[in-house]
Amino acid sequence: MKGSFAMGYSISHGGTRYGYSATSLSRLGDKLRKSHKTGWPTLEPILGSRPGDPFDIHPQQAQRIGQALHQAAGSLKIWDRNWAAMARQIADSALLAARLGEPWRWS
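Given the structure is predicted, the values throughout are model-derived calculations rather than measurements.

Chemist: Would you explain the packing of aromatic side chains in this entry?
Modeler: Centre-to-centre distance and the angle between the planes together describe a pair of aromatic rings. The tally for this structure, following the rule as stated, stands at two aromatic pairs. Between Phe55 and Trp106, the ring centres sit 5.5 Å apart and the planes meet at 20 degrees, which makes this aromatic pair stacked. Of this pair, Phe55 sits in strand S1 (residues 55-57) while Trp106 sits in strand S2 (residues 104-106), and the two are 51 residues apart along the sequence. Since its relative accessible area comes to 8%, Phe55 is described here as buried. Assessed through its relative accessible area of 0%, Trp106 is described here as buried. For the ring pair Trp104 and Trp106, a centre distance of 5.3 Å and an interplane angle of 80 degrees mean the geometry is edge-to-face. Three or more aromatic residues joined by ring pairs make a cluster, and in this case those are Phe55, Trp104 and Trp106. We note Arg33 situated over the ring of Trp40; from NZ or CZ to the ring centre the distance is 4.4 Å.

Dropping the structure here:
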C-alpha cells in the first residue's frame, strides 16, 4: 500500500479521535465483512481496499454508511466490543457530516 492508507486515515467530523491505523481499519473491515454480509456493499467504499489517496464521501452516502456502520456494530460478537465502539465512532462522524450537509473527508 502507498500513501496515507499505509499509515492510516484522518477521518473528519471526529472519526479518528483515537488515531486509527490502516491496519485497524482493515481489521475492522474484515470483521464487519464476516458479521454483516448484507451491509458490506454499503461499507466497502470506506473499509475495502483503498489506494491511499484522500477522498470525500457525499453527505447522502455518508448517511447511508453511518447507518450501516451502526447496524454492523450491533452484529459483532460480545468479545468484539472494542471493534463495535470503533465502528460506532466512525458511524457517528459519518452521520454528523451528513447532518451538517458537509462532505465526509478521509485524508
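Back to the text.
Chemist: Would you mind showing me how to read the packing of helix H4 (residues 59-75) against helix H5 (residues 81-100) here?
Modeler: Helix packing geometry: the angle between the two helix axes and the distance between the axes. At a closest axis distance of 8 Å, the pairing of H4 and H5 adopts a crossing angle of 155 degrees. Here H5 runs roughly antiparallel to H4, going by the angle between their axes. The two elements H4 and H5 cross, and the hand of that crossing is left-handed. Here H4 contributes Pro59, Ala62, Gln63, Gly66, Gln67, Leu69, His70, Ala73 and Gly74 to the contact with H5, which in turn contributes Ala84, Ala87, Arg88, Ile90, Ala91, Asp92, Ala94, Leu95, Ala97 and Ala98. Its residues placed into classes, the contact of H4 with H5 shows twelve nonpolar, five polar and two charged.

Chemist: Explain H5 here, please?
Modeler: For the α-helix, the turn length of 3.6 residues means that residues three or four positions removed from each other point alike. Counted at 1.5 Å a residue, the expected span for H5 with its 20 residues is 28 Å, and the 28 Å between its end C-alpha atoms agrees. When H5 is considered as a whole, its buried residues turn out to be Trp83, Ala84, Met86, Ala87, Gln89, Ile90, Ala91, Ser93, Ala94, Leu95, Ala97 and Ala98. On its buried face, H5 is in contact with helix H2 (22-35), H4 and S2. Once H5 finishes, Gly101 follows within two positions and takes phi at roughly 70 degrees, a positive value.

Chemist: Would you explain the nonpolar core in this entry?
Modeler: Ranked by size, the top nonpolar core spans 30 residues in total, and within it Leu32, Ile46, Leu69, Ile90, Trp104 and Trp106 carry the most contacts. Where this core is concerned, the elements lending two or more residues are H2, helix H3 (40-47), S1, H4, H5 and S2. The element best represented in this core is H5, accounting for nine residues. For Trp106, the contacting residues outside a window of four places in its chain are Tyr9, Ser10, Ile11, Leu25, Ile46, Pro54, Phe55 and Ile90.

What counts and how
- Residues numbered from 1 in each chain as written.
- Predicted model: local features only at pLDDT ≥ 70, side-chain atom pairs only at ≥ 80, totals over all residues.
- Heavy atoms only, no water.
- Phe/Tyr/Trp six-rings, centres within 6.5 Å; stacked < 30°, edge-to-face > 60°.
- Helix = DSSP H or I, 4+ residues; strand = E, 2+ residues; numbered from the N terminus.
- Buried < 20%, exposed > 50% of the residue type's maximum accessible area, 1.4 Å probe, protein only.
- Lys NZ or Arg CZ within 6 Å of the ring centre and 35° of its normal.
- Axes fitted to C-alpha atoms, helices over the stretch in contact; angles between N-to-C directions.
- Parallel < 35°, antiparallel > 145°, perpendicular 65-115°, else oblique.
- Left-handed = near helix turned anticlockwise from the far one by under 90°.
- Contact = heavy atoms within 4.5 Å.
- Nonpolar A, V, L, I, M, F, W, Y, C, P; charged D, E, K, R; others polar.
- Expected span 1.5 Å × (residues − 1).
- Core = buried A, V, L, I, M, F, W, Y, C linked by side-chain atoms within 4.5 Å.

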